[in-house]
Amino acid sequence: MPDLLLELFSEEIPARMQAKAADDLRRMVTDKLVAEGLVYEGAKAFATPRRLALTVHGIPSRQPDLKTERRGPKMGAPDAAVQGFLKATGLTSLDEAKIQRDPKGDFYIALIEKPGRPAIDVLAEILPVIIRTFPWPKSMRWGARSGKPGSLNWVRPLHAITATFGLETEEPDVVKFSVDGIEAGQTTYGHRFMAPAPIQVRRFEDYEAKLKAAKVILDPQARKNIILADAKELAFAQGLELVEDQVLLDEVSGLVEWPVVMMGSFEKEYLAIPDEVIRATIRNNQKCFVVRDPKTGKLTNKFVLTANIEAADGGKTIVAGNERVIRPRLSDAKFFYETDLKTKLEERLPKFEQIVFHEKLGTQAERIERIERLAAEIAPLVGADVSKAKRAAHLAKADLLTEVVGEFPEVQGLMGRYYALAQGEDASVAAACEEHYKPQGPTDRVPTDPVSVAVALADKIDTLVGFWAIDEKPTGSKDPYALRRAALGVIRIIVDNNLRLPLWKLLSQHAVQITSILYEEGIDLIAELSDWIGDAQYAEIPSISFSNKVTESAYKVLKPRVHDLLSFFADRLKVQLREQGARHDLVDAVFALGGQDDLLMIVRRVEALGKFLDSDDGKNLLAGIKRASNILGIEEKKDKRSFDGAPEPALYSLSEEKALAKAIGEVKADASAAVAKEDFAAAMSAMAKLRPPVDAFFEKVRVNDDDPKVRENRLKLLNEIRSATRAVADFSKIQD
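Since the model is a prediction, treat every value here as computed from it, not as a measurement.

Engineer: Give me the lowdown on the overall build of the protein chain, citing residues and values where you can.
Structural biologist: Along the backbone of the protein chain there are 26 helices and 18 strands. By the compact-globule yardstick of 27 Å for 736 residues, the protein chain is too spread out, its C-alpha radius of gyration being 36 Å. Across its three principal axes, the protein chain shows a C-alpha extent of roughly 100 × 95 × 50 Å. Every one of the 736 residues in the protein chain was classed for burial, and the buried ones make up 50%. For the protein chain, long-range pairs separated by at least 24 residues make up 69% of all intrachain contacts whose partners lie at least 6 apart in sequence. On the protein chain, roughly 35100 Å² of surface is accessible, and the fraction owed to carbon and sulfur atoms is 50%. Side-chain charges in the protein chain split into 104 positive and 112 negative, and the spacing between the mean points of these groups amounts to 2 Å.

Engineer: Outline the nonpolar core, listing residues and values.
Structural biologist: If you look at the biggest cluster of nonpolar residues, it comprises 141 residues, and the most contacted ones within it are Leu 457, Leu 464, Phe 569 and Leu 609. Ranked by residue count, the leading element in this core is helix 15 (residues 450-469), at 13 residues. Core analysis: the second largest hydrophobic core is formed by 40 residues, Leu 8, Val 29, Leu 52 and Val 155 among them.

Engineer: Explain helix 4 (residues 204-213) to me, and be specific about the residues and the numbers.
Structural biologist: Looking only at helix 4, the buried set comprises Phe 204, Asp 206, Tyr 207 and Leu 211. On an axial view of helix 4, the arc spanned by its buried residues comes to 160°, and they lie on one face. Across helix 4 from its buried face, at more than 90 degrees, point the exposed residues Glu 205, Lys 212 and Ala 213. Packing partners of the buried residues in helix 4 comprise strand 1 (3-10), strand 2 (42-48), strand 3 (51-57), strand 11 (187-189) and strand 12 (198-200). Remark: Lys 215 follows helix 4 within two positions and exhibits a positive phi of approximately 65°.

Engineer: Can you break down empty space enclosed by the protein residue by residue, with the values?
Structural biologist: Per the stated rule, a full pass over the model turns up three cavities of 30 Å³ or more. Volume-wise, the largest cavity comes out at about 50 Å³. Around the largest cavity sit Asp 3, Leu 4, Leu 5, Thr 55, Thr 164, Gly 166, Pro 172, Arg 202, Arg 203 and Phe 204, which together line it. The biggest single contributor to the lining of the largest cavity is strand 1, with three residues.

Engineer: Can you explain the domain arrangement of the protein chain? Please cite residues and give values.
Structural biologist: One can read the domain layout of the protein chain as domain 1 (3-61 + 119-214), domain 2 (66-114), domain 3 (220-341), domain 4 (356-581) and domain 5 (599-733). Computed over C-alpha atoms, the centres of domain 1 and domain 2 are 44 Å apart.

Engineer: I'd like to hear about the layout of surface pockets, residue by residue, with values.
Structural biologist: The space that makes up the largest pocket amounts to roughly 460 Å³. Put simply, the parts of the chain that give the lining of the largest pocket at least two residues each are helix 10 (364-382), helix 15 and helix 16 (483-496). At four residues, helix 15 tops the list of elements feeding residues into the lining of the largest pocket. Taken together, the residues of the lining of the largest pocket sort by class into eight nonpolar, five polar and five charged.

Parameters and conventions
Residues numbered from 1 in each chain as written. Predicted model: local features only at pLDDT ≥ 70, side-chain atom pairs only at ≥ 80, totals over all residues. Heavy atoms only, no water. Helix = DSSP H or I, 4+ residues; strand = E, 2+ residues; numbered from the N terminus. Rg over C-alpha atoms; globule rule 2.2 N^0.38 Å. Buried < 20%, exposed > 50% of the residue type's maximum accessible area, 1.4 Å probe, protein only. Contact = heavy atoms within 4.5 Å. Areas by Shrake-Rupley, 256 points an atom, 1.4 Å probe, with all protein chains shown as cover. Lys, Arg positive; Asp, Glu negative; His and termini not counted. Charge placed at Lys NZ, Arg CZ, Asp CG, Glu CD. Core = buried A, V, L, I, M, F, W, Y, C linked by side-chain atoms within 4.5 Å. Arc of directions from axis to C-beta. 1 Å grid on protein atoms, 1.4 Å probe; cavity = no way out; pocket = protein on both sides within 12 Å on 5 of 7 lines; lining within 4 Å. Points joined across faces, edges and corners; volume = space filled by probe spheres on them. Domains from an automatic or database assignment. Nonpolar A, V, L, I, M, F, W, Y, C, P; charged D, E, K, R; others polar.

Set out below in structure tokens:
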């Protein structure tokens, strides 16, 4: 079957747009082909700085013929309806229509046959539409062609369109169409400087080979492989090691069509700057890679650049040009770093009093005060020194006001550590200045030093509680304050460090403190939150003390929101566990018990429950519990009442009833004791003892006995099954 080759040749496409543009081109063309009945075998798209290309192979040479039936008016319908039917279907008279028999009356049916068109004609129709409606994030309209103003919006001026279609064994045809005066043809162009002459191409294999001969590597992944391999080899030849950077590699590969890797250098005096600042300077300004000494792990005064040309002088001029630009950039960075070292971190803090964190949550200085107080509360719970945790929280944000972070925001926190160590702070305090932002994503490492853990938790909890207090929580896909990431960060810190934290208590106390502190600063959240007063599922926390009416009122108002925040943690925990392969319904089953705010214990309980349900005992017991719950649900609805309360032993008439009642009593005691000891495996083992008596009960006992008292007693016994298993989880939430 024929293949399609399409190339859109233009001025330079921004590197950040190329991958998506190639994917959009493939998707748009193939979706249109399928919609037209042209089901293809495969498609692949490519991008270079100057072109988007697409090959689609295995396209049928012709659309299939379409036959459809269209129902018309009833026999005997008014003439206007009949004439409208004939016009719409292309029939000349009703004699050409079939008659469909129907109990409601006989109808005319028109059989419409639409012959398929040649695929090349379909392509000539759909391709210009796709080009004109291409979804560039930013586009431009440029100058006139042949005296007429341009009408095409494209990312950069479009110069040529290649579009061929045909069998592999034959000379392909040109798909004839034009866009804004640009006629589709078979002509493309090679490298801008090394092979700028026009090239005639036929099909994809010919196209790719001729481009390579004209110094253009079409496949972005091939360009990446060349850059990475050559850079590693160049560094290795000098006894050095390339610092790999996938994001930079993706960008650089989108800047060149013929990658040529070279090495430059800079003065050793700049190595006095922290490695991360050197890397950020060279990476951000010149898109170059840095190299390090494998023996020391420290950066050297070398860098690797990627040119887009094989220069006559071997690249000496290109290297010298990059060195000439990098040198003053490093000089600026060195000046910023040395200037920053002259001012201690705490001396910068007063400036935060003039910087608003959020109009409803006060200044950055007030936020730092809250984090400091919360870190001191968390420190004993995570084994951290209270004074060090307070000191770290006090200094953690100070590097935001430094010159280096102002120039390179990506090194915030890291520079705080450097500056803290330089001014003689404790190593744990300095580490917390960097690590309190972590983890910033699913692959980022989790802090383990107790001081860092305390400050990181305080920072994230303050953010979450604050924005929940002012009702700025995430909605749908919108999360401008990265609150989902903050919640996942709290979860990972707690679980990875095996921490036992009373989350509900921490959230409640901090919500009260936020409201009280802001009230003293003239920001009254109580009036704004009055519509949120309502019931919550959690009891009052006795240890929360209220110093005045403001904080007591705040707690009553904020309580539902804190409960909602805890539910948000539950949702994030489901996401986390699901990504790790756990079942989200098991999290629901554990959270349904209420009062579950110890995230570590929730995870352990979910893990134990998952292992139990994978066993035969677990599966069969779940089926029995579900059966009991279903029967109870039906009978409770029928009687419009619940069957709470202990069953009456005197009404047991069958041995299976007595055996089940005895087993329930034993299991309830054993499971509750195991849960109290946090031995969830033992709790599951105790639950497994219920399986034989439950199976026997449903096999031998008729629940809806003719005697109303016996029926009620047996239903109460079923309720006891449900009650006993709730010591571990709410099994009704578990999916079969």
